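These are the residues of each chain, in order.
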Amino acid sequence: MTRLRDWLGVPRQDLVAGSGTYTLAIEPRDVDLSRFHLAATAALATAEPRALVDATDEALTAWVGPPWPGLSSPRLDLARGHALARHRRVVEARTRALLALERPDEAVEAVTPLAVEHPEQEVWHALLVRALHAAGRPGEAIDAFLAARRRLHDELAVDPGEELRNAYRAVLVERSRLRSEEPRPYLVGRDDVLATIVAARVDDGSHGPVVLVEGEAGIGKSLVLAAARYVARRDAQVVDGAWDEGSAPLAGWVDALGPPPPGPAGAPVPWVRQRLAELAADGPVLVTLDDAHRADSASFAAITDIARHGLPPGVVVLISACAPAPGVSLGWELCRADLARDTSVMRVELGQLDGTAVRQLARRRLVSFGPEAADRLARLLYQQTAGHPLHVTALLDVLATCHDEAAAAAAVRTVPPRLRAFVDRQLDRLRPATRRTVEALAVLRPVPPGALAVALDRPSRAVAEDLREAASRGLVADGDLRHEVVAVAVRDRVPETIRVAWHAAWLEHLGPDDDAFLRLRHTLGAAPLLDDATVARARRDAGVVAYERRALTEASALLDAAARVLSEDPVVEVHRGLVLGALGRAREADDLLDEAIGAAMTAPADPGLVVKAAVGDESVERPGRGDARRRARLDRAELVPSPSAVRFDLLVAMLREQSFDGVARPELVAEMRALAGAEDAPTTMRARARALEVRQLLEGPVPAAHRVDLAAEGLELARLGGDPTVVLDATELMLTAALSAGQVDQALGLRRTLAVEAHRWHRPRLVWAAHVLESSVLLARGDDEAADHAASASLQLGQDLGVDDARAAFAVHLVVRAWIGGTLAGLCDLTEQAARDHPAMPAWAAVAAAARACAGRYDEASALLAEFRARRAATDSRRFDRPGLCFAACAAWSTGDLETARIVRAELPADPDAVVILGYGAVITGPAALFAGIAAMALGDVAQARADVSVAEKLAVGLGWTPWVDAAARVGAHLDGAAVELPLGLGRRRTARD
């Protein structure tokens, strides 16, 4: 006790012993937790915001973190929970006070960590949205709301509460108010067009339309879109985007919807659908997309998809594009042709303005001349321009500078009748310095004035003055050239050497984080001054971005061009292989990736690039068999040390391939689990690990209910992670687990979900797999004709989608159909050929054995059963093993093969709820207990056989599967000594005479 007092430095009376404990007397102010509680009590009782901030600051200064870390008891846990709750109340009060004091940046800093740490607590999200909005960051505020809404829906299955929704509405209202203060676009001669667009926004609950506005350059398409936006802002969210020449893939969509997430979730078609659905959840939406003829293949794919499959109710997408003309990309021509075939797409073609519209424009612009003089000048304008809107408005800018009607009329008569000549004339009237600024703007656009000043090496004020002068001549508006037609006309006047110099000057000011396509555009412009490798690297970097955004046509062209110079660059070769894989050219992709992985592994190796090369394009759905070339690359990549996330991707791919090989490596499974179980492992990683575990258990002797529980946990984790690839995989596994447990209604419900989501995320094999289940359930119910029709439809769908497994699945349907009908003997040749074609799949040998036994060819059947046993012993894979055991049980009874019967008894689960299915529900081979009973019958264990068959009959009756009810009943009757024909083509058993 004395030593303890000395060590603590306290007087004798402050540390006393009694009742088996030591008691330390200490002032509350000397304990950090007590100081916090005292300060928190005072702070929470303060009402005035400024005093409240000071008081909460004092409380938070006393807070040093959760009390008693590492210790646990009921009393400590209760006190710790109280302290943490109090701490959150203090932070909340301080944040609200900061917002009241108009100090939003501090509020953002205070509340952001708590929104991350406690995503289930809506108050933090509401305060974060309010703080970001108040800080002048409305885009981030909207993103924060949408992220919170997704998390609340996915994790808690609830919608945002009133405070969070009110915070979001405040952002939208403020944004609409600011935009409504913009001047209304003056639109004349287009009333019918605008009325058509407004009528398209009628919210009757049906899918929203796509409206395509077309016309020649300068005809007024952009003005129509601006007018539509102005009208829509009264009662709808409005987002807009546009494509510039040489802009990055998806640029227009990104302008309107924000950047896509990385990975599969950012695939253009599903990402656009997802974002539009999110926007539609909060009311009507108008999306305008300008100059779509300049877009890219990924953007075209998204446009075509939303036109074909419809938009969420309340959403209208308004697109403008130049009418077909020389120079328009082939991609847009194809997209336009698809839109033309779609009757749901509304098409509006803009033509020249009529005389009445020109008169309206003249009266508005030439107020100082009076209405009569303006009308006379309008007639001259119409004669000179034929009503071309851009030409008319440019001329009106000139006429507005004239002193009287006579001078204006003279000006009209002397202006060239074609717009290009008019632009030349106006340029020649500019001061040389101003003309140089306009020419630089035409070459470098889009470029902000400050950057333009840098490229010209002139003061910003001087450049601004130049732009004002150009605007007075009708060449510039809002800091940019009035139209692309004007830009082309100006750019064509600039000598090549000058254009190159300007591109080079601007290129020097671009940083490494600037957009790859912006860098590419100026690199190509400055190419005569650059070496070939620099140009090729710019193409390479843009090609990588194009691949990531799934603009595969552009990616292929850019990477192929880069490869001609950077022939040994592993980044180029790996991504060329990935693009080929994504385009479905698997053999060419493998050729490139097999070679590229070696280059990527050379010192200094890039682990991420190595694994990319090994795995290949993951958007490609792989067939239900192994890929030897991919497997070889994965084995090479395993030797390269990698960060955890990269290593995990590699392990997942390796384990998937090994599930086809039948070569188990438990140490890889253990490593994968360790990475997924780490404290900092993301939810998506844990979900992918669990999905692999469930996949491995599906073919093993695991109780059906346990498989369902594991699959449900995996699906929940996948949804939390948010990666659509993992969610789809987990949904398919959950469907399989439910069906194998006899939960047919749940499986059919999941099938509908899978079909919708697979279509949404553009997964052809899963679209097909969802349809295959229909034929298997119909066959199990005894509706053979409908099952055959559904199986044929699934075959056709699979072939249309390019699914390699479709023919094999149809063949299996025919086999099981014949087996149930007792006519399997007629398929001896087909089953034997399948056994030869799939030596790594023991199940086919069992099917062939059953067919031979049904035909009474017992020696051949016995030989095939021996082959089945040998193949099983040679592999650790159990793919399709349980269906194989069902066929093996039948052949074993017919041939008297006791060794095979014992294997069936050992491997088929003694599970009254288990149903045997093939793959992911392509075929149902009945209750597992039936075949366990047939194996027991082969072994002479009549009592066990009766018990198993009784369980199977009960399960089949409950499911309404009449063929399997009949099969179990007949086997049961045979066991009871009745003279009945056995099902499944079992016929008579082999005797000594055979």
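Structure: see above.
Bear in mind that the values here come from a model prediction, so they are computed numbers and not experimental data.

Caption draft 1: Region of interest: the pattern of salt bridges. Per the counting criterion, the structure on display carries 49 salt bridges. When the shortest N-O distance is used, the salt bridge between Arg576 and Glu573 registers 3.3 Å. Of this pair, Arg576 and Glu573 both sit in helix H28 (residues 570-582), three residues apart, which is roughly one turn of the helix. Judged by relative accessible area, Glu573 falls into the buried class, the value being 13%.

Caption draft 2: Region of the structure containing the side chain of Thr95. As for its position among the elements, Thr95 is in helix H4 (residues 74-100). Residue Thr95 is classed as buried on the basis of its relative accessible area, which comes to 0%. Not counting chain neighbours up to four residues away, the residues in contact with Thr95 comprise Ala107, Ala110, Val111 and Leu127.

Caption draft 3: Broad picture of the environment of Glu713. With respect to the helices, strands and loops of the structure, Glu713 is situated in helix H35 (residues 704-721). Measuring from C-alpha to C-alpha, the distance between Glu713 and Met734 comes to 9.3 Å, with 21 residues separating the pair along the chain.

Caption draft 4: Inspection of the sheet that holds strand E5 (residues 285-290) at higher detail. The five strands lie next to each other as E4-E5-E6-E3-E7, forming an open sheet whose pairing is parallel. In this open sheet, the two strands that pair with only one neighbour each are strand E4 (237-242) and strand E7 (346-349). Pairs of neighbouring strands in the sheet enclose a mean axial angle of 15°, with direction left out of account. Where strand E3 (residues 210-215) and E7 come together, four bridges link them in parallel fashion. From the neighbouring strand, Val211 faces E7, where its bridge partner is Met346. Contacting E4, E5 and strand E6 (315-322), helix H12 (residues 268-280) crosses the sheet at an angle of about 140° to E5. The sheet strands contacting helix H14 (residues 330-341) are E3, E6 and E7, and the helix crosses E3 at an angle near 125°.

Caption draft 5: Region of the structure containing the nonpolar core. Trp819, Phe887, Leu930, Phe931, Ile934 and Trp964 are the most contacted members of the largest nonpolar core, which has 99 residues in total. Apart from the residues within four sequence positions on either side, Phe931 is in contact with Trp819, Cys886, Ala889, Cys890, Val904, Leu908, Thr925, Gly926, Trp964 and Leu984. Residues Leu552, Leu609, Ala614 and Ala653 belong to the second largest nonpolar core, which totals 80 residues.

Caption draft 6: Examining unusual backbone geometry more closely. The omega angle of the peptide bond from Arg445 to Pro446 is -5°, so this bond is cis rather than trans. Mapped onto the secondary structure, Pro446 falls in the loop between helix H20 (432-444) and helix H21 (449-456). Phi angles above zero are rare outside glycine, and Glu102 is one such case at about 60°. Owing to a relative accessible area of 70%, Glu102 belongs among the exposed residues under this scheme.

The rules behind the values
Sequence order sets the numbering: in each chain, residues are counted from 1 along the sequence as written. The predicted nature of this model means local features are confined to residues of pLDDT at least 70 and side-chain atom pairs, given and counted, to a pLDDT of 80 or more, with totals for whole chains, interfaces and linings taken over all residues. Side-chain descriptors were evaluated using all non-hydrogen atoms of the structure, hydrogens and water having been removed beforehand. Criterion for a salt bridge: a side-chain nitrogen of Lys or Arg within 4 Å of a carboxyl oxygen of Asp or Glu. Helix and strand assignments come from DSSP, with helices taken as H or I runs of at least 4 residues and strands as E runs of at least 2, each series counted from the N terminus. A simple rule labels every residue: compare its accessible area, found with a 1.4 Å probe on the protein chains alone, to the largest value its type can have, and call it buried under 20%, exposed over 50%, or partly exposed in between. Residue contacts follow a heavy-atom distance rule, with two residues in contact if any of their heavy atoms lie within 4.5 Å. Strands qualify as paired when DSSP identifies two bridges or more between them. With axes taken as lines fitted to C-alpha atoms, and helix axes fitted only over the stretch in contact, angles between N-to-C directions fall between 0 and 180 degrees. What is meant by a nonpolar core is a set of buried Ala, Val, Leu, Ile, Met, Phe, Trp, Tyr and Cys residues, joined one to another through side-chain atoms within 4.5 Å.

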